[in-house]
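# Topology and contacts: notes
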Amino acid sequence: MSASPGTASGSPTRRGSLNRDQRAGSARETALRGMLGIATLLLASAYALALLYLVLRGGAKVVSFTAYAMPLAGVDHEDVMRGIVAACFFGGAAYCAIALLRVATTRGKPWTARTEQ
């Protein structure tokens, strides 16, 4: 007769692992896991709210245009810097508009096929 592994004579048999409810300290483990989850959610929420606040505050400053041109402050090459900032801002807006146009017009045919018609 051949004995199955783990039940040979002289060797101890392996018992199944204990259920989580039967282990010592399982209630503490569950409570700590819940507290850790809550702390993680609170930290992530605080981070998201702080980031949203900064983005909205900065966005409000970006779009707060005036009806008159702001006078130059007398900084060297300020007019060049204003031109660069305007080119970046309006260039980015134009790039987004063209990207949306390409997505909208490439339903069935690729962009090159539509422009060559």
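Residues numbered from 1 in each chain as written. Predicted model: local features only at pLDDT ≥ 70, side-chain atom pairs only at ≥ 80, totals over all residues. Heavy atoms only, no water.

### Things to note about the overall build of the protein
What counts, and what does not: Helix and strand definitions follow DSSP, with helices as H or I runs of at least four residues and strands as E runs of at least two, each counted in order from the N terminus. Any residue under 20% of the maximum accessible area for its type is buried, any over 50% is exposed, and the rest in between are partly exposed; the area is computed with a 1.4 Å probe on protein chains only. In this description, accessible areas are obtained by the Shrake-Rupley approach with a 1.4 Å probe, and a residue is regarded as covered only by the protein chains that are shown.
Looking only at helices and strands, the protein has 3 helices and 0 strands in total. Listing each helix as α and each strand as β along the protein from the N terminus yields α-α-α. By the burial criterion, 2% of the 117 residues in the protein qualify as buried. Accessible surface, the protein: about 10,800 Å² in total, of which carbon and sulfur atoms supply 67%.

### What to know about a nonpolar patch on the surface
Stated precisely, the cut-off is as follows: Two distance rules govern patches: like charges are joined within 9 Å, and nonpolar side chains (Val, Leu, Ile, Met, Phe, Trp, Tyr) within 5 Å, applied only to residues with over 30% relative accessible area and no salt bridge. Whenever a carboxyl oxygen of Asp or Glu lies within 4 Å of a side-chain nitrogen of Lys or Arg, that contact is scored as a salt bridge.
A surface patch of nonpolar side chains, about 560 Å² in accessible area, is lined by V62, V63, F65, F89 and F90. Locating F65 in the fold gives a position in the loop between α1 (26-62) and α2 (78-105).

### Re the confidence of the model for the protein
The following threshold applies: How sure the predictor is of each residue is captured by pLDDT, a score from 0 to 100.
Looking at the protein, the pLDDT average stands at 80 and 72% of residues meet or exceed 70. Within the protein, the element-level pLDDT minimum falls on helix α3 (residues 111-115), averaging 62, and the maximum on α1, averaging 92.

### A short note on the packing of aromatic side chains
Within a pair of aromatic rings, the relevant descriptors are the distance that separates the centres and the angle that separates the planes. The criterion, for reference: The aromatic pairing rule takes the rings of Phe, Tyr and Trp, using the six-membered ring of Trp, and pairs them if the centres are within 6.5 Å, calling planes under 30 degrees apart stacked, those over 60 edge-to-face and the rest tilted.
Here the structure, examined in full by the defined rule, presents 1 aromatic pair. An angle of 85° between the planes, with centres 5.0 Å apart, marks the rings of F89 and F90 as edge-to-face. Judged by relative accessible area, which is 42%, F89 ranks as partly exposed. For F90, a relative accessible area of 53% translates into the label exposed.

### As for unusual backbone geometry
The backbone of H77 shows a phi angle near 60°, a positive value even though the residue is not glycine. With a relative accessible area of 62%, H77 lands in the exposed category.

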